[in-house]
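Structural characterization, general
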Protein chains: 2
Amino acid sequence: MSKEFGSGSSQACASCKHQRKKCEETCELAPFFPASRYREFQNAHKLFGVSNIQKIINSVDPSQRKEAAESILIEGNIRSNDPVHGCLGVVRNLKSQIEYYEKELGAVNQQLPFFRDKEKQHQHQLE
Amino acid sequence: MSKEFGSGSSQACASCKHQRKKCEETCELAPFFPASRYREFQNAHKLFGVSNIQKIINSVDPSQRKEAAESILIEGNIRSNDPVHGCLGVVRNLKSQIEYYEKELGAVNQQLPFFRDKEKQHQHQLE
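The rules behind each value
- Residues numbered from 1 in each chain as written.
- Chains lettered and ligands numbered in written order.
- Predicted model: local features only at pLDDT ≥ 70, side-chain atom pairs only at ≥ 80, totals over all residues.
- Heavy atoms only, no water.
- UniProt positions renumbered as here; feature names shortened; annotations may be inferred.
- Helix = DSSP H or I, 4+ residues; strand = E, 2+ residues; numbered from the N terminus.
- Rg over C-alpha atoms; globule rule 2.2 N^0.38 Å.
- Buried < 20%, exposed > 50% of the residue type's maximum accessible area, 1.4 Å probe, protein only.
- Contact = heavy atoms within 4.5 Å.
- Salt bridge = Lys/Arg side-chain N within 4 Å of Asp/Glu carboxyl O.
- Polar contact = N/O pair within 3.5 Å; in protein donor to acceptor, adjacent residues only side chain to side chain.
- Nonpolar A, V, L, I, M, F, W, Y, C, P; charged D, E, K, R; others polar.
- Least-squares fit on C-alpha atoms with pLDDT ≥ 70 in both.

In the nomenclature of an unreviewed UniProt entry, chain A is known as LOB domain-containing protein of Citrus sinensis. Check the Sequence similarities (unreviewed entry) section of the UniProt entry for chain A; it says "Belongs to the LOB domain-containing protein family."

Right, dumping it as structure tokens:
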């Protein structure tokens, strides 16, 4: 591992790159925000700020930090794509899909017993 | 409207209350974050910070600011409930519900043509 870069690569991590500072081996954000996710990190930084990102990461169990970092990056991307609704827009879209499927399933499930009854009647007629 | 409070009520808006400052009539956040949503605002503040909240509100069209504020409050609540996954947790849950419905609907839709065919056959037999 390079002594200069916490991310272990030849590049500073996304957070240090954003802050234009040297990425030390002790950099706590380097394992979660590699240089390859710089653009995403910028979205997350715009939404939360580096200090809040650091706070979220530190507030959760070390075993869950990777997961938390991923959610931070995705949340930043979503808000960047939809500055008005952010995640709420995605949640609403998914909920309306669920509503559609529930209606469809309800309608189809109403038809099945009808056909099953008919089938029984016919079986009966043939006996 | 009270001259002292931008929110138009006898209380400072959630943002001014949080910052322990006087809520002026010119307070830009008062219309979107009433005192009644103080706890939710605290969640949003913890996640984004007042400055970023202000930036999001200002970056969108005035006609969409109420919607943006709502999404900020909800996003704050969701992260407060699930510090690791935030909105991503909700999105994943909804996606797995959709997956379940798609499978169910697929299975039921496979049964319907079978019954319809049977029904046709019986009609034919009775003719």
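**A few points about the overall build of chain A**
For chain A, the count of helices and strands is 5 helices and 0 strands. Put simply, chain A runs from its N terminus to its C terminus through helices and strands in the order α-α-α-α-α. Taking 14 Å as the expected radius of gyration for a compact globule of 127 residues, we find that chain A reaches 26 Å, considerably beyond that expectation. Seen along its three principal axes, the alpha-carbon backbone of chain A occupies a region of about 85 × 35 × 25 Å. Residues counted as buried form 41% of the 127 residues belonging to chain A. Long-range pairs, those at least 24 residues apart, make up 40% of the contacts in chain A with a sequence separation of at least 6.

**Here's the deal with the interface of chain A and chain B**
Counting residues at the interface gives 44 residues for chain A and 44 residues for chain B. Our enumeration of links across chain A and chain B arrives at 4 salt bridges. Two residues, E67 of chain B and R92 of chain A, come together in a salt bridge whose shortest N-O distance is 2.8 Å. At the boundary of chain A with chain B, the tally comes to 16 residue pairs in polar contact (both at pLDDT 80 or more). Only helix 2 (38–48), helix 3 (50–59), helix 4 (65–81) and helix 5 (87–126) of chain A provide two or more residues apiece to the side of chain A that touches chain B. No other element matches helix 5 of chain A, which puts 24 residues into the side of chain A that touches chain B. Grouping the amino acids of the side of chain A that touches chain B by side-chain chemistry returns 21 nonpolar, 11 polar and 12 charged.

**Examining the relation of the copies chain A and chain B**
Expressed as a screw operation, the relation of chain A to chain B combines 0.1 Å of axial shift with a rotation of 180 degrees, fitting to an RMSD of 0.2 Å. In symmetry terms, the pair is related by a two-fold rotation axis. Ranked by how close their C-alpha atoms come to the rotation axis, the residues of chain A are headed by F48 of chain A, at 2.3 Å. Interface overlap between copies is the fraction of interface residues in one copy that are interface residues in the other; for chain A against chain B it reaches 100%, indicating a shared surface.

**Topic: the UniProt feature "domain: LOB" (unreviewed entry) in chain A**
Mapped onto the present numbering, the UniProt feature "domain: LOB" (unreviewed entry) falls on residues 11–112 of chain A. Taken end to end, residues 11–112 of chain A is 68% helix and 0% strand, and its two terminal C-alpha atoms sit 61 Å from one another.

**Examining the side chain of S15 of chain A**
Within the secondary structure, S15 of chain A is located in helix 1 (residues 14–18). Discounting chain neighbours no more than four positions away, the residues touching S15 of chain A are L29, F33, F41 and V50 of chain A.

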